[in-house]
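# Report on the structure
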Amino acid sequence: MSPQAPTPAYRRLSVEERRSQLLDAALSLFAHRAPDEVSLDDVAEAAGVSRPLVYRYFPGGKQQLYEAALRSAADELRHCFDEPHEGPLLPRLSRALDRYLAFVDQHDTGFSALLQGGSVVETSRTTAIVDGVRRAAAQHIISHLGVAEPGPRLRMTTRMWITAVEAASLIWLDEGKRPPVDELRDWLVEQFLALLEVTARRDAQTESLVRALAADP
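Now for a description of the structure that goes with this document. (Residues numbered from 1 in each chain as written. Predicted model: local features only at pLDDT ≥ 70, side-chain atom pairs only at ≥ 80, totals over all residues. Heavy atoms only, no water.)

### Focus on the overall build of the protein chain
Across its full length, the protein chain holds ten helices and zero strands. Start at the N end of the protein chain and walk to the C end: the helices and strands fall as α-α-α-α-α-α-α-α-α-α. Out of the 217 residues belonging to the protein chain, those deemed buried represent 42%. Here the contacts in the protein chain between residues at least 6 apart in sequence split such that 67% fall between residues at least 24 apart. (Helix = DSSP H or I, 4+ residues; strand = E, 2+ residues; numbered from the N terminus. Buried < 20%, exposed > 50% of the residue type's maximum accessible area, 1.4 Å probe, protein only. Contact = heavy atoms within 4.5 Å.)

So this is what it looks like as structure tokens:
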């Protein structure tokens, strides 16, 4: 009789490890299904734990779990634009968009549900979390522009572009992820330049920035 393989030793997870495990399971589900369609039983099954254990970590139930998962996704999205301030601007912007669009591609349905709203679990807090991502992304872009004190027109232009990136991502998903993601990335970078050029006609600060970008090798 051949000896049986040893049973792996059970390792008790710390509070943070268990919480991360549950959030990862929730995010995985939200990546493929709208939040309204995900139950606590689904999360428990995906994590390989019991429903009471999910409630132990998230006593507020699905709403608390959803908000925690949204914050986790928001933190990841914020980091997409956290690019080192080295080298020409446009390649930096392209690398940031590569990370952002990779997140969109990976989370798919979940990304749509988080940004389009209309969910029964949507609240003022979840709306504020998503809006915080937009503002953080705009701040990152402005910092890459190298403008210490951006005026209202430049700030508005940047925030308009962030909104356009978000809208384009949702439409891209709806269109079956067409055109190819690298084409979408280049297209979005070109749109940002076009927005800056339009704003430059009305704003001296943006005009100086556009000239500097044109001279950037």
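### Let's talk about the packing of aromatic side chains
Counted according to the given criterion, the structure contains two aromatic pairs. Ring centres of Phe 81 and Tyr 100 lie 5.6 Å apart, and the angle between their planes is 55 degrees; on these two criteria the pair is classed as tilted. Here Phe 81 is found in the loop between helix H4 (62-80) and helix H5 (89-107), whereas its partner Tyr 100 is found in helix H5, with 19 residues between them in sequence. Each of the two residues, Phe 81 as well as Tyr 100, counts as buried. Ring geometry for Trp 161 against Phe 192: centres 4.7 Å apart, planes inclined by 40 degrees, an arrangement best described as tilted. Highlighted residues: Trp 161 in helix H8 (residues 152-174) and Phe 192 in helix H9 (residues 181-200), separated in sequence by 31 residues. Phe 192 gets classed as buried once you look at its relative accessible area, which sits at 1%. (Phe/Tyr/Trp six-rings, centres within 6.5 Å; stacked < 30°, edge-to-face > 60°.)

### Notes on H4
Between its first and last C-alpha, H4 extends 27 Å over 19 residues, near the 27 Å set by a 1.5 Å rise per residue. Buried within H4 are the following residues: Leu 65, Tyr 66, Glu 67, Ala 68, Ala 69, Leu 70, Ala 73, Ala 74, Leu 77 and Cys 80. (Expected span 1.5 Å × (residues − 1).)

### Topic: the packing of H5 against H8
Following both chains from N to C, one finds H5 and H8 inclined at 40 degrees, their axes separated by 11 Å at the closest point. Taken together, H5 and H8 sit at an angle that is classed as oblique. Here H5 runs over H8; the crossing is right-handed. Along the contact surface, H5 presents Leu 93, Leu 97, Tyr 100, Leu 101, Val 104 and Asp 105, while H8 presents Trp 161, Val 165, Glu 166, Ser 169, Trp 172 and Leu 173. (Axes fitted to C-alpha atoms, helices over the stretch in contact; angles between N-to-C directions. Parallel < 35°, antiparallel > 145°, perpendicular 65-115°, else oblique. Left-handed = near helix turned anticlockwise from the far one by under 90°.)

### What to know about the nonpolar core
Counting residues in hydrophobic clusters, the biggest one holds 59 residues, and the most contacted among them are Leu 65, Phe 81, Tyr 100 and Trp 161. Per-element tally for this core: the top contributor is H4, with nine residues. Filtering out sequence-adjacent residues up to four positions away, Leu 65 remains in contact with Leu 23, Ala 26, Leu 40, Val 43, Val 54 and Phe 58. (Core = buried A, V, L, I, M, F, W, Y, C linked by side-chain atoms within 4.5 Å.)

### Focus: the side chain of Thr 157
With respect to the helices and strands, Thr 157 occurs in helix H8. Setting aside anything within four residues of it in sequence, one finds Thr 157 in contact with Leu 195, Leu 196 and Thr 199.

### Some words on the side chain of His 144
Secondary-structure assignment places His 144 in helix H7 (residues 124-145). Side-chain polar atoms of His 144 contact the side chain of Arg 92, separated by 3.0 Å. (Polar contact = N/O pair within 3.5 Å; in protein donor to acceptor, adjacent residues only side chain to side chain.)

### Focus: the environment of Arg 125
Here Arg 125 is to be found in helix H7. In this structure Arg 125 comes out as partly exposed when scored by relative accessible area, which is 45%. Here the alpha-carbon distance between Arg 125 and Glu 67, two residues 58 residues apart in the chain, equals 7.9 Å.

### Remarks on the environment of Ser 50
Topologically, Ser 50 is positioned in the loop between helix H2 (40-47) and helix H3 (51-57). With relative accessibility at 37%, the residue Ser 50 sits in the partly exposed group. The sequence separation of Ser 50 and Leu 40 amounts to ten residues, and the corresponding C-alpha distance is 9.6 Å.

### Here we look at the pattern of salt bridges
Tallied over the entire structure, the rule returns 13 salt bridges. Between Glu 166 and Arg 134 there is a salt bridge, with its nearest N and O atoms 2.8 Å apart. You can see Glu 166 sitting in helix H8 and its partner Arg 134 sitting in helix H7, a full 32 residues away along the chain. A relative accessible area of 10% means that Glu 166 is categorised as buried. For Arg 134, a relative accessible area of 26% puts it in the partly exposed group. Connected via shared salt-bridge partners are Glu 83, Arg 95 and Arg 99. (Salt bridge = Lys/Arg side-chain N within 4 Å of Asp/Glu carboxyl O.)

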